[in-house]
Amino acid sequence: MDLAYTKAEEEFRGRLREWLAAVLPGLPAKPSPDDWPARRAYDTTWQRMLYDAGYAGLHWPVDAGGRGATPTQHLIFLEETEKAGAPYVGANFVGLLHAGPTVAAEGTAEQRARWLPPVLRGDEVWCQGFSEPDAGSDLAALRTRAVRDGDDYVISGSKIWTSHAEVADWCELLVRTDPKAPKHRGISWLAMPMDAPGITVRPLRTLAGSTEFAEMFLDEVRVPVRNRVGAENDGWRVTMVTLSFERGTAFVGEVVACRRTLDVLADEARSNGRWDDPVLRRRLGRLNAELRSLWRLTQWNVSESQRTGGVPGIGGSVFKLRYSGVRQELYEAAAEVLGADAFDMDREWVLDRLSSLSYTIAAGTSQIQRNIVAERILGLPKGR
């Protein structure tokens, strides 16, 4: 692992900082968290600005519409945009960080030409249709069925925790195409148009009051066979590619955000007198060490990705497992610093504390991550 940046990489960082300093002051105010059409417009407008400036899909292959930048340059991009307070990917999350990279890695030339440019320009938004109500953390236990009928699949079933379904144009959808096969087989990865007849979306309100997730019900929805990414019944392998991106680089910017939050948290403690508590100071110091270690682990994962051709490896599970816990601990510390104000929903960090509770579940539960680490990294036998 090389922790030093090259001259070219530092020059790239400098150009990026100059561009961010020029464009960020002109951005409009962020819309209300409850106004999803406005949030989509805000997020896709920022994505178009990135596209026009040459920063969209920075690390995607050139033949997929990206710039072919190295994983290290991508890491610099994520670090600098977060430090500058630039908009997060928001509604573009699934398309940019999950579906898009998967199509780039596994899709046909026709699929790449159809789906990748609109993602990069911010013209189309994707949602994720993986989890199901009865499957729990066992993604391979999905029951949504797709029956082949000529040139279409006819799909019936339901999904839950469907990210950004309210404003999505497309859904990366996992379906069972061979119910007789073992559960990790017989699964296919489809791109489903969200305006197809038979789709019902019901928003789910989280503990923090947001509705970025939804239930989705599918009643004989027809999806063309040409929308399948990968071979029929090979969807589990394709999904592992998707999840490697989700766990490998999707949370990088959030580590930078957490480090910035920790700095502000320490300043708050100094101003309200809680800094005098040695237990709190030790807690904040340990969190600082944890976040610095996670950043080094991120650099290691990026170096590994660069060595293996750009697809994140299973080291992303180590990162995801620890980051989930550290994020919760950070906002528990924030509640301690805020004292009685920790119950004031208008105060900074209160909603973040509530949302942090989901991180040990989202993108694969901590139990699942431990199994991956045990079996695929440590070589331990599978549990029964």
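Residues numbered from 1 in each chain as written. Predicted model: local features only at pLDDT ≥ 70, side-chain atom pairs only at ≥ 80, totals over all residues. Heavy atoms only, no water.

Draft legend 1. Region of the structure containing helix α2 (residues 36–53). When the terminal C-alpha atoms of α2 are compared, their 26 Å separation across 18 residues agrees well with the 26 Å that a helix rising 1.5 Å per residue should span. Those residues of α2 that sit buried are W36, R40, Y42, D43, T44, W46, Q47 and L50. Looking at the buried positions of α2, the neighbouring elements they touch are α1 (7–23), α3 (71–83), α4 (93–106) and α5 (109–121). Sitting at the head of α2, D35 places a side-chain oxygen 3.2 Å from the backbone nitrogen of A38. (Helix = DSSP H or I, 4+ residues; strand = E, 2+ residues; numbered from the N terminus. Expected span 1.5 Å × (residues − 1). Buried < 20%, exposed > 50% of the residue type's maximum accessible area, 1.4 Å probe, protein only. Contact = heavy atoms within 4.5 Å. Polar contact = N/O pair within 3.5 Å; in protein donor to acceptor, adjacent residues only side chain to side chain.)

Draft legend 2. Spotlight on α3. Along its 13 residues, α3 runs 18 Å from first to last C-alpha, staying within 8% of the 18 Å computed at 1.5 Å per residue. When you tally the buried positions in α3, you get twelve out of 13 residues, the bulk of the element. Restricting attention to buried positions, one finds in α3 the residues P71, T72, Q73, H74, L75, I76, F77, L78, E79, E80, T81 and E82. Once α3 ends, the next one or two residues include G85, with phi positive near 75°.

Draft legend 3. Main features of the packing of aromatic side chains. Across all of its chains, the model carries nine aromatic pairs by this definition. With centroids separated by 6.0 Å and ring planes inclined at 85°, the aromatic side chains of W115 and W126 adopt a geometry described as edge-to-face. Note that W115 is positioned in helix α5 and W126 in strand β1 (residues 126–129), a separation of eleven residues in sequence. Each member of the pair, W115 as well as W126, is classed as buried. A centroid spacing of 5.6 Å and a plane angle of 70° characterise the contact between W115 and W170, whose relative ring orientation is edge-to-face. With a gap of 55 residues between them, W115 in helix α5 and W170 in strand β4 (residues 170–176) connect regions that are remote in the sequence. By relative accessible area, W170 is classed as buried at 11%. An aromatic cluster of three or more residues is present, and its members are F12, W19, W46, Y55 and F77. (Phe/Tyr/Trp six-rings, centres within 6.5 Å; stacked < 30°, edge-to-face > 60°.)

Draft legend 4. Here's a closer look at the nonpolar core. With 43 residues, the main nonpolar core has W19, W46, Y55, F77, W126 and W189 as its most contacted residues. Looking at this core element by element, the count peaks at seven residues for α4. Counting 24 residues, the second-largest nonpolar core is a separate cluster that includes L173, A196, L218 and V223. (Core = buried A, V, L, I, M, F, W, Y, C linked by side-chain atoms within 4.5 Å.)

Draft legend 5. Broad picture of the side chain of N227. Here N227 is to be found in the loop between β7 (213–224) and β8 (228–229). Looking at N227, its side chain comes within polar contact range of the main-chain oxygen of A191, at 2.9 Å. Residues within four places of N227 in sequence aside, it is in contact with Q111, W115, W170, W189, L190, A191 and P193.

Purely spatial values, then, with no claim about function.
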